[in-house]
Amino acid sequence: MFQVIAAAGVFSAAVSATCWFWASVIKPSYPAAYLSGPPKEIVDRMNRQASLNAIGAAFAGITVLCQAGLMALPLFSN
């Protein structure tokens, strides 16, 4: 039962990290309330937020891989 719960946790975390990363690499939609386009400050902040989200999602994915490796380690040891 432990293995099933642990595997479900790893699967859930992997899906979460994948969706998070995918959502953060999509180009953000900028406010259209400006005739000449959004101010540079808003564009820069939104781009920075998207970059930080992508980095966070990538590290979450690495964490999932590490957890999966640690769970599989006893299967391959003597």
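Look up: the structure comes first, before these words.
What counts and how
Residues numbered from 1 in each chain as written. Predicted model: local features only at pLDDT ≥ 70, side-chain atom pairs only at ≥ 80, totals over all residues. Heavy atoms only, no water. Helix = DSSP H or I, 4+ residues; strand = E, 2+ residues; numbered from the N terminus. Rg over C-alpha atoms; globule rule 2.2 N^0.38 Å. Buried < 20%, exposed > 50% of the residue type's maximum accessible area, 1.4 Å probe, protein only. Contact = heavy atoms within 4.5 Å. Expected span 1.5 Å × (residues − 1). Axes fitted to C-alpha atoms, helices over the stretch in contact; angles between N-to-C directions. Parallel < 35°, antiparallel > 145°, perpendicular 65-115°, else oblique. Left-handed = near helix turned anticlockwise from the far one by under 90°. Salt bridge = Lys/Arg side-chain N within 4 Å of Asp/Glu carboxyl O. Patch = residues over 30% accessible without salt bridge, like charges linked within 9 Å, V, L, I, M, F, W, Y side chains within 5 Å. Areas by Shrake-Rupley, 256 points an atom, 1.4 Å probe, with all protein chains shown as cover.

If you tally the helices and strands in the chain, you get two helices and zero strands. Against the globule reference of 12 Å for 78 residues, the chain gives a C-alpha radius of gyration of 19 Å, more extended than a compact globule. Expressed along its principal axes, the backbone C-alpha trace of the chain runs to roughly 65 × 20 × 10 Å. Considering the chain as a whole, with its 78 residues, one finds that 12% of them fall into the buried category. Across the chain, the fraction of contacts at a sequence separation of at least 24, relative to all contacts at a separation of at least 6, is 66%.

With 37 residues, helix H2 (residues 40–76) extends 54 Å between its outermost C-alpha atoms, agreeing within 8% with the 54 Å of an ideal straight helix rising 1.5 Å per residue. Taken together, the buried positions of H2 are Val43, Ala50, Ala54, Ala57 and Val64.

Another point: the packing of helix H1 (residues 2–25) against H2. Running from N to C, H1 and H2 cross one another at 160°; their axes reach a closest spacing of 8 Å. As far as their axial angle goes, H2 and H1 are roughly antiparallel. For the crossing formed where H1 meets H2, the hand is left-handed. Where H1 approaches H2, its residues Ala6, Ala7, Val10, Ala13, Ala14, Ala17, Trp20, Phe21, Ser24 and Val25 are matched on the opposing element by Ala50, Asn53, Ala54, Gly56, Ala57, Ala58, Ala60, Gly61, Val64, Ala68 and Met71.

For the structure shown, the criterion picks out two salt bridges. A salt bridge links Lys40 to Asp44; its shortest N-O distance comes to 2.7 Å. Pair noted here: Lys40 and Asp44 are both in helix H2, with a separation of four residues, about one helical turn. According to the relative accessible area criterion, Lys40 is exposed, its value standing at 61%.

Okay, H1 next. Compared with an ideal rise of 1.5 Å per residue, which puts 24 residues at 34 Å, H1 spans 35 Å between its outermost C-alpha atoms and is within 8% of the ideal. The set of residues buried in H1 consists of Ala6, Val10, Ala17 and Ser24. In the core, the buried residues of H1 are packed alongside H2.

Bringing a nonpolar patch on the surface into the picture now. Taken together, the side chains of Phe21, Trp22, Val25 and Ile26 define a hydrophobic patch exposed on the protein surface, amounting to about 440 Å² of accessible area. Here Ile26 lies in the loop between H1 and H2.

Within the element layout of this structure, Phe59 appears in helix H2. Here Phe59 falls in the exposed class, since its relative accessible area comes to 55%.

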